[in-house]
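Topology and contacts: notes
Residue strings, one per chain:
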Amino acid sequence: MCLPNSGAPDVDSDASLLSRINAALPDLKKSEAKVAYAILEDPDTATHSSIATLAAAAGVSEPSVNRFCKRFGATGFPDFKLRLAKSLVSGVRYMSSAVEMDDDIETYPRKLFDNTINALVQSRDQLPAKAVGQAVDYLSQAKRIWFFGLGTSAAVAKDAEHKFFRFKVPVSTHEDPLMQRMLAASADAGDLFFFISHTGRTKVLVEVAELVRKTDAIIISLTKANSPLSASSDCTIELDVTEDTEEYLPMTSRIVQLVILDILATGMTLKRGESILPHLALIKRSLQDTRFPDEDT
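Nothing here was measured: the structure is a model prediction, and the numbers come from that model.

**Looking at unusual backbone geometry**
Located in the positive-phi region is Lys168, a residue other than glycine, with phi close to 60°. Relative to the assigned elements, Lys168 resides in the loop between helix H9 (152–164) and strand S2 (171–174). Backbone geometry at Asn226 places phi at a positive 60°, although glycine is not the residue there. You can call Asn226 exposed: its relative accessible area is 74%.

Rendered as structure tokens:
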């Protein structure tokens, strides 16, 4: 694991500018961190903003923006915008923005590990605890739970089904949009629909959520803040993972989603209390005869 250091940034590494900003977050001053979050939330807009616009968006002064830019090797805001624009078109297209075509086996694995670690740390620090607590309450009270996702998020939804069936409540997942629509239309009180989407802008999922809203079921979404899917939900666990999934393969966002599901499953276990432990142990014991003995034990 490469921990962020307090030394001068590598000014020649424009291609990893967003990654370096992410890694430096724990060491930034309060005003610098505000600028960093404003840029990370929408880097494309930052490349077209004036210094006054970015300062207003971050809630800091223009000199604070300039100091931030110089910290990352730029001569000032105009130079920083050029470096940022360059970084947005770097990386291996359709794979990862953290990796370059000339990376080798000694470099790209570490970059991917570090990129994921930084995303997890940022998500941990920004975790909306109140929303997570509310989601645990809703999940604990549900009589039936559906996990919906499409594409990569469908695999995350399947992982959720594998975790949550253990809590003595019917759980299922579907990635067929037509089945999702029919299940949403037939929802009833006690049903809970959990939507997973990195962007929150997938039309099919938003349309299904709108169908659920016409019923007495509850909607939880694990998605981007201020997205159409978030607006359709009773409870949103907002994630702002810096990953352009329209240009690159979903990587860090998927890992963060899986960790959030682990947090929710742990929350449900604690909510159920010790009474659920014999049931969980029974499930574990059911697998013992399916494995060869461990020679190390």
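And the narrative resumes.
**Looking at the packing of aromatic side chains**
Taken as a whole and judged by the stated rule, the model has eight aromatic pairs. Aromatic pair Phe68 and Phe80: ring centres 5.7 Å apart, planes at 70°, arrangement edge-to-face. Separated by twelve residues along the polypeptide, Phe68 in helix H5 (residues 62–71) and Phe80 in helix H6 (residues 77–88) bring together distant segments of the chain. Exposure class is identical for Phe68 and Phe80. Each is buried. Consider the rings of Phe164 and Phe167, whose centres lie 5.9 Å apart with planes at 55°: the pair is tilted. As far as the burial class goes, Phe164 and Phe167 line up, both buried. Each member of the aromatic cluster is reached from another via a ring pair, and the members are Trp146, Phe148, Phe193 and Phe195.

**Some points on empty space enclosed by the protein**
A complete count under the given rule lists one cavity of 30 Å³ or more for this structure. Volume-wise, the largest cavity comes out at about 50 Å³. Taken together, Ser197, His198, Leu222, Thr223, Lys224, Leu239, Val241, Ser253 and Gln257 form the lining of the largest cavity. For the lining of the largest cavity, the secondary structure elements donating two or more residues are strand S4 (218–223) and helix H13 (252–272). Within the lining of the largest cavity, the residues separate by chemical class into three nonpolar, five polar and one charged.

**Re the sheet that holds S4**
Strand pairing in a sheet relies on backbone hydrogen bonds, with the paired strands running either antiparallel or parallel. In spatial order, the strands read S2-S1-S3-S4-S5; together these five strands make up an open sheet with parallel pairing. Unpaired on one side and paired on the other, S2 and strand S5 (235–238) mark the two borders of the sheet. Strand-to-strand twist of the sheet, defined as the mean angle between neighbouring strand axes without regard to direction, takes the value 15°. Pairing between S4 and S5: four bridges, direction parallel. Its bridge partner lying in S5, Leu222 is registered against Ile237. In the packing of helix H10 (residues 177–185) onto the sheet, contacts are made with strand S1 (144–149), S2 and strand S3 (191–196), and the angle to S1 comes to roughly 145°. Strands S1, S3 and S4 of the sheet are contacted by helix H11 (residues 203–213), whose axis makes an angle of about 160° with S3.

The rules behind the values
Residues numbered from 1 in each chain as written. Predicted model: local features only at pLDDT ≥ 70, side-chain atom pairs only at ≥ 80, totals over all residues. Heavy atoms only, no water. Helix = DSSP H or I, 4+ residues; strand = E, 2+ residues; numbered from the N terminus. Buried < 20%, exposed > 50% of the residue type's maximum accessible area, 1.4 Å probe, protein only. Phe/Tyr/Trp six-rings, centres within 6.5 Å; stacked < 30°, edge-to-face > 60°. 1 Å grid on protein atoms, 1.4 Å probe; cavity = no way out; pocket = protein on both sides within 12 Å on 5 of 7 lines; lining within 4 Å. Points joined across faces, edges and corners; volume = space filled by probe spheres on them. Nonpolar A, V, L, I, M, F, W, Y, C, P; charged D, E, K, R; others polar. Pairing = 2+ DSSP bridges. Axes fitted to C-alpha atoms, helices over the stretch in contact; angles between N-to-C directions. Contact = heavy atoms within 4.5 Å.

These results come straight from atomic positions and should not be treated as a statement about function.
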